[in-house]
Amino acid sequence: MDAAERLAITEDVRRLMARYARYADHHRWQDLAGLFAPDGTYTPYKPDGTPWLRMEGREDITAKLASANTPEDTLIHHLFSSEVDVDSAASAHGVWAMEDLIIRPEGIEPPADFPFKGMHGYGHYRGRFVVLDGSWYIAELEQTRLHMDFTY
């Protein structure tokens, strides 16, 4: 594989993660889940390293993300400092520094499993990516946390 092919794959994976952040910000859970391979997994972790949720497959990802956020929530996801390593023409992995915010309006009851009014998190996304039918998908995504601030 030459340098131009590696750069093209790197850009494809970066754009995939950019769509992930945009779809999350706009509550487009089904579109976001469609960025994952059919059997893709997504696991966000708490700062202590324990899993917060474990999602497997597009339907589970859609359902769990929709239930963790109210339609009135303002969601903000920022991705920084992407490191993409191309493993082959059909696989890659990468790490992104990240920051995310959840802001819930007054008077809106938060989901029972996520009872905070506001959240500001810092950490990293670690992903593994694959090509299926000529397009890049997320095969596995982990969100690790360095710190989280909550308001109640």
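Preceding this section is the structure that the text describes.
Since the structure is predicted, the reported quantities are computational estimates derived from the model, not experimental observations.

Asker: Hey, could you run me through empty space enclosed by the protein in this one?
Answerer: To find leftover empty space, one rolls a probe the size of a water molecule over the atoms. One pass over the full model with this rule turns up one cavity of 30 Å³ or more. Space inside the largest cavity adds up to approximately 310 Å³. Tyr42, Leu65, Asn69, Ile102 and Gln143 are the residues nearest the centre of the largest cavity, which is lined by 22 residues in total. Only helix H1 (3–25), helix H2 (29–33), strand S1 (36–44), helix H3 (58–68), strand S3 (74–88), strand S4 (91–103), strand S5 (118–132) and strand S6 (135–151) provide two or more residues apiece to the lining of the largest cavity.

Asker: Honestly, the side chain of His77 in this entry has me stumped. Any pointers?
Answerer: Relative to the helices and strands, His77 is located in strand S3. Using a relative accessible area of 15% as the deciding quantity, one classes His77 as buried. A distance of 2.8 Å separates the side chain of His77 from the side chain of Asp25, its partner in a polar contact. If near-sequence neighbours (up to four positions away) are discounted, His77 is found in contact with Ala21, Ala24, Asp25, Glu99, Asp100 and Tyr125.

Asker: Please explain the packing of aromatic side chains as it appears in this structure.
Answerer: One pair of aromatic rings is described through two measures. These are the centre distance and the angle between the planes. In total, this model carries eight aromatic pairs according to the counting rule given. Ring geometry for Trp52 versus Phe114: centroids 5.6 Å apart, planes at 35°, classification tilted. One end of the pair, Trp52, is in the loop between S1 and strand S2 (55–56); the other, Phe114, is in the loop between S4 and S5, and 62 residues separate them in sequence. Judged by its relative accessible area of 8%, Phe114 falls in the buried class. Geometrically, the ring pair formed by Trp96 and Phe129 is edge-to-face, given 5.8 Å between the ring centres and 75° between the ring planes. Taken together, the residues Trp96 in strand S4 and Phe129 in strand S5 connect sequence positions 33 residues apart.

Asker: Whenever I open this one, the side chain of Glu99 confuses me. Can you help?
Answerer: By the element assignment, Glu99 lies in strand S4. Not counting the four nearest positions on each side in its chain, Glu99 is found in contact with Ile76, His77, His78, Phe80, His120, Gly121 and Tyr122.

Asker: Which parts of the structure should I look at to understand the sheet that holds S5?
Answerer: Paired through backbone hydrogen bonds, the strands of a sheet run either parallel or antiparallel to each other. A sheet is described by the order of its strands in space; here six strands give the open sequence S2-S1-S6-S5-S4-S3, paired in mixed fashion. Either end of the sheet is taken by a strand with one partner, and the two such strands are S2 and S3. Direction of pairing for S3 relative to S4: antiparallel, over a ladder of twelve bridges. Across the sheet, Val86 pairs through a bridge with Ala92, a residue of S4. Across the sheet, H1 touches S1, S3, S4, S5 and S6, and the angle it forms with S3 is around 160°. Here H3 sits on the sheet in contact with S1, S2 and S6, set at roughly 40° to S1.

Reading the values: the criteria
Residues numbered from 1 in each chain as written. Predicted model: local features only at pLDDT ≥ 70, side-chain atom pairs only at ≥ 80, totals over all residues. Heavy atoms only, no water. 1 Å grid on protein atoms, 1.4 Å probe; cavity = no way out; pocket = protein on both sides within 12 Å on 5 of 7 lines; lining within 4 Å. Points joined across faces, edges and corners; volume = space filled by probe spheres on them. Helix = DSSP H or I, 4+ residues; strand = E, 2+ residues; numbered from the N terminus. Buried < 20%, exposed > 50% of the residue type's maximum accessible area, 1.4 Å probe, protein only. Polar contact = N/O pair within 3.5 Å; in protein donor to acceptor, adjacent residues only side chain to side chain. Contact = heavy atoms within 4.5 Å. Phe/Tyr/Trp six-rings, centres within 6.5 Å; stacked < 30°, edge-to-face > 60°. Pairing = 2+ DSSP bridges. Axes fitted to C-alpha atoms, helices over the stretch in contact; angles between N-to-C directions.

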